[in-house]
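Now for the letters of each chain:
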Amino acid sequence: MRIAPLSLLISASLFASSAFAQDTATVTGIESEISIKQAEYDNATQILEKHLKEESQLQSQLDLLRTRSTELDKEKNQALDAMNEMYRRLIDDPTIDISAAQARYQQAVVDHKQNKDDIAMQLAAIASHRKDIEQIRVAKHTQLNTLESLKEQLTTARVERLRNEFTREGTLEVNHTINCKRTETLAACEQRGQQMGLQKATKRFVDQIFANLTEERLVEPKRNMAGAQVQVLSSHVVNSAFSGQGNYNVNLSVTMRGDVNSSRLCNLLSVDNRYCSEYGTPLTATYQTRYETTFTDSQLTFSDGQDNANVSVSRLSEQPIRDYSVKPMSTVDTQVVDSNKMIEFTLRSNVYDDEVFIDGVSFGSTRLATTLPSGIHDVEVRKQGYKPYRVRVDLRKPQTIHAKLVKKPESIAAPTYTSEQRNTISVTSTAIGNAAAADVVVIPAGKFEMGDINGNGLANERPVVEKTIANSFAMQNKEVTVGAYQKFVSNTNYKTEAERNRGCAYYLNGEPVWEANLNWRNPGFEQGSDFPAVCLTYNDAKAYADWLSGQTGQQYRLPNEVEWEYAARAGTKTEYPWGNEIGKNLANCGWCGSEWSNKSASPTGSFAPNAFGLYDTVGNVWEWTHKSAEQADVTVRGGAWNFAPSLARASTRLILAPDFRANYIGFRLVRER
């Protein structure tokens, strides 16, 4: 934090005992925790890499043992044939010595048995190693989610700290001298001097607020975009006098409170606007300065807002005070030139949760009441699923605009595809009356870049590779629901792995905990038949796919990773179908602003689909993907209701053991051509 004048060290000591110091302590504490968790995650990554390398070595040794087994089996058979031949010769010639043949066969049997034992021990070692790897991977996922969650908390804390730093209160004593005009009365000169003194006080106040921002270096270059304002809480003339040369000197004590358009805080910190969406509109009775000149004042003091009346004013009260008063800034003309004139501007719209942009800068949501410089301004109102409302305003007097937004045919901004590509096909079971129906959409053939396109991903998302989908395929537009899985279980009496053994995992204080009573029927949160089925393993998902294939006469399976990411991207190169920021209430993931975030899964299809017509490819629950026969582990994709937004990107991959199950993992299927 940079403090310009030496005299402000007194102010800094006051900050340390105030809420602003607590904000900084909060940010520092979170940063420290992030550092610790990052070290733990990096350490787990190294341990995992070591275990994977050891597993590869164990597997190579196993392959050698199996190769040797074939050779030893051949040797044992040859020794047996040789010994049998010696026995046949022994019948005709009892003097023949067959001990060498017997010894060869006996050794071959011993060697073959030892090799079998070695293979069994090697398999046990690999299995034990495999369990360690699975535990490390789950721990890594937990650490990663915790790390990303802390980053969410850090950004929120930074925004809150900046808001508090902008809205601090303080008392400033300022001295100002003007030359009275020959044409004005003494009273007019006195009033003008007091008004200009107030302007000087507000400018100094704003300058000192900026100088004392914790992240001043980041915010200062965007100063003119901050919308910082000052509200005069009280002011009085400490003393004033006219000189014989026609000068008027006034000494003012002004108590002020800073304010800022809270929706702009995110822009100042270069973070997603969703962190600022909960803040309201700025104060209306305020004065906004142009910040063209920098002042310093050793008499500036700030308070924490708890005892404002005792700051500076008590010290000044000992001096003689004349019976002059200064009008509140909201009732006097504080502008020196017309180009600085501020005009009241009010904006309303016919929707909720919208976002207002004025001259390209976010001002929050409607109803918006603010002040803008006189002149022409470009105003835009946006809301997901609606066409933007745009208007150019020539602001010369207070004005109110009523924006009317119209719904778009498609609810997210994404590429448009033909009706054949968006065609929805209903597949209904013909074998039994109440079998699960699977609504699928056609995913067109095409090419795409798979992996960490934007450079925000994990190591296992790189390198970026161009993939080709040669043929179109059909994919369920929603995750398999509890109701659909219930029909499968009712028809087959299938018992899931969670029901047969150990139950299902859930997050408790950032750690996966196994609960024996949890399963797809009872995942640990309230659910309906339209919720995604969770607490299911890879094999549980495959069992459902096999059953559905038998019931419909069409082949269903889990999508492979290429198919899943291609379908999830739906022709985009951004992190999410709507852009590179998660936004607010556009998906069900941790800290995504939905009513289910960090609480539970949501009913499938609760949010807008992507351009291919697929729901919940961002968040809700992770989805199993198909693994090849040589793969030991499986990848899940898409993020979940209790995982950070950064882990719900289109390219994020988490690798798990096939028998892992949790109340944040489900699946959807593709249908073969």
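Counting of residues starts from 1 at the beginning of each chain's written sequence and follows it residue by residue. Local features in a predicted model are, by the rule used here, given only for residues with pLDDT of at least 70; side-chain atom pairs are given and counted only at 80 or more, and totals for whole chains, interfaces and linings are based on all residues. In computing side-chain properties, one takes all heavy atoms of the structure into account and sets aside hydrogens as well as water.

(A) Highlighting the overall build of the protein. Segments assigned H or I by DSSP are reported as helices when at least four residues long, segments assigned E as strands when at least two residues long, and all are numbered from the N terminus. For the protein, the count of helices and strands is 11 helices and 26 strands. Each residue is assigned to one of three classes by its accessible area relative to the maximum for its type, calculated with a 1.4 Å probe on protein chains only: buried under 20%, partly exposed between the two thresholds, exposed over 50%. Expressed as a percentage of the 673 residues in the protein, the buried residues total 51%. Considering only intrachain contacts with a sequence separation of at least 6, the fraction spanning at least 24 residues in the protein is 71%. Every accessible area reported is derived by Shrake-Rupley at a probe size of 1.4 Å, with residue values counting cover from the shown protein chains alone. Summing over all exposed atoms, the protein offers an accessible surface of approximately 31,800 Å²; the carbon and sulfur share of this is 48%. Here a residue-residue contact requires only that any non-hydrogen atoms of the pair lie within 4.5 Å.

(B) Local environment of helix 10 (residues 538–552). Working rule for helices: expected span equals 1.5 Å times residues minus one. Between its first and last C-alpha atoms helix 10 spans 21 Å; for 15 residues at 1.5 Å apiece the expected length is 21 Å, and the two agree. Counting buried positions over the 15 residues of helix 10 gives 11, a clear majority of the element. Looking only at helix 10, the buried set comprises Y538, D540, A541, A543, Y544, A545, W547, L548, S549, Q551 and T552. Among the residues trailing helix 10, G553 stands out with phi positive, at a value near 80°.

(C) Geometry of the sheet that holds strand 5 (residues 342–349). Two strands make a pair as long as DSSP finds a minimum of two bridges between them. With mixed pairing, three strands are arranged side by side in an open sheet as 8-5-12. Whereas interior strands pair on both sides, the edge strands pair on one side only; in this sheet they are strand 8 (368–373) and strand 12 (399–403). Ignoring strand direction, the axes of neighbouring strands in this sheet form an average angle of 30°. The sheet contact formed by strand 5 and strand 12 spans five bridges and is parallel. The residue bridging R348 from the neighbouring strand is H402, located in strand 12. Fitting a line to C-alpha atoms yields each axis, with helices limited to the stretch in contact; the angle taken between N-to-C directions then spans 0 to 180 degrees.

(D) Summary view of the state of the cysteines. For the purposes of this analysis, a disulfide is any pair of cysteine sulfur atoms at a distance within 2.5 Å. Evaluated as defined, the whole model comprises four disulfides. The disulfide partner of C180 is C189, and the gap between their sulfur atoms is 2.0 Å. Taking the sign of the S-S torsion, about -80° here, the bridge from C180 to C189 comes out left-handed. Sequence-ordered numbering of the bonded cysteines in the protein gives a disulfide pattern of 1-2, 3-4, 5-6, 7-8.

(E) Structural detail: the sheet that holds strand 22 (residues 622–624). Pairing is mixed across the open sheet formed by four strands, whose spatial order is 24-23-22-25. The outermost strands of the open sheet, each flanked by one partner alone, are strand 24 (653–656) and strand 25 (665–666).

(F) Inspection of the side chain of S594 at higher detail. Looking at the secondary structure, you find S594 in the loop between helix 11 (561–569) and strand 22. Whenever two N or O atoms come within 3.5 Å, that pair is a polar contact, provided that in protein one can donate a hydrogen and the other can accept it, and provided that, for residues adjacent in sequence, both atoms are side-chain atoms. At 2.9 Å, the side chain of S594 forms a polar contact with the side chain of S597. When sequence neighbours within four positions are dropped, the list of residues in contact with S594 reads N585, A587, N588 and F607.

(G) Seen up close, the packing of helix 8 (residues 482–492) against helix 10. The interhelical angle for the contact between helix 8 and helix 10, taken along N-to-C directions, is 75°, at an axis separation of 10 Å. Taken together, the axes of helix 8 and helix 10 are roughly perpendicular relative to one another. Along the contact surface, helix 8 presents A484, Y485, K487, F488, N491 and T492, while helix 10 presents D540, A543, Y544, W547 and Q551. Class assignment of the residues belonging to the contact of helix 8 with helix 10 gives a composition of six nonpolar, three polar and two charged. Roughly parallel refers to an angle under 35 degrees, roughly antiparallel to one over 145, roughly perpendicular to one between 65 and 115, and oblique to any angle outside these ranges. Side-chain classes follow a simple rule in which Ala, Val, Leu, Ile, Met, Phe, Trp, Tyr, Cys and Pro form the nonpolar group, Asp, Glu, Lys and Arg form the charged group, and the remainder, Gly included, forms the polar group.

(H) A look at the pattern of salt bridges. Salt bridge, as applied in this entry: a Lys or Arg side-chain nitrogen positioned within 4 Å of an Asp or Glu carboxyl oxygen. Applying the stated criterion across every chain yields a total of 33 salt bridges. A salt bridge links D452 to R462, with the nearest nitrogen and oxygen atoms 3.1 Å apart. Residue D452 is located in the loop between strand 16 (446–450) and strand 17 (465–469), and its partner R462 is located in the loop between strand 16 and strand 17; the two are separated by 10 residues in the primary sequence. Using a relative accessible area of 5% as the deciding quantity, one classes D452 as buried. Close ionic contact of R653 with E561 constitutes a salt bridge, the shortest N to O distance being 2.7 Å. Taken together, the residues span a long stretch of sequence, with R653 in strand 24 and E561 in helix 11 at a distance of 92 residues. Here the salt bridges share partners, and the residues they tie into one network are E561, E565, R569, R637 and R653.

(I) Summary view of the nonpolar core. In this structure, Y485, Y544, W622, W624, Y664, I665 and F667 are the most contacted members of the largest nonpolar core, which totals 52 residues. Among the elements of the structure, helix 3 (99–166), helix 8, strand 19 (504–508), helix 10, strand 22, strand 23 (634–637) and strand 24 are those that each provide at least two residues to this core. Here this core takes seven residues from helix 10, the largest share from any one element. Throughout, nonpolar core names a set of buried Ala, Val, Leu, Ile, Met, Phe, Trp, Tyr and Cys residues whose side chains join them through atoms within 4.5 Å. Counting residues in hydrophobic clusters, the runner-up holds 33 residues, among them V159, L172, M256 and C276.

(J) Up close: the packing of aromatic side chains. Two rings from Phe, Tyr or Trp (for Trp, the six-membered ring) form a pair when their centres sit within 6.5 Å of each other. Planes less than 30 degrees apart are called stacked, planes more than 60 degrees apart edge-to-face, and all others tilted. Under the counting rule described, the total for this entry stands at 22 aromatic pairs. The interplanar angle of 80° and the centroid separation of 6.4 Å between the aromatic rings of Y485 and F667 together place this pair among those described as edge-to-face. Residue Y485 is located in helix 8, and its partner F667 is located in the loop between strand 25 and strand 26 (670–671); the two are separated by 182 residues in the primary sequence. When its relative accessible area of 0% is taken as the criterion, F667 is described as buried. Chaining the aromatic ring pairs together yields one cluster made of Y485, F488, Y494, W520, Y544, W547 and F667. Whether a charge sits over a ring comes down to the Lys NZ or Arg CZ being within 6 Å of the ring centre and within 35 degrees of the ring normal. Stacked on the ring of Y615, the Lys or Arg K478 has its end atom at 5.3 Å from the ring centre. Geometry around W514 places R502 over its ring, the cationic atom sitting 3.9 Å from the centre.

(K) Representation of the pairing of strand 24. Burial along strand 24 is two-sided: the residues R653 and I655 and L654 and L656 are all buried. Where strand 23 and strand 24 come together, four bridges link them in antiparallel fashion. Residue pairing for strand 24: T635 is matched across the bridge by I655.

The analysis is restricted to geometry; functional conclusions fall outside its scope.
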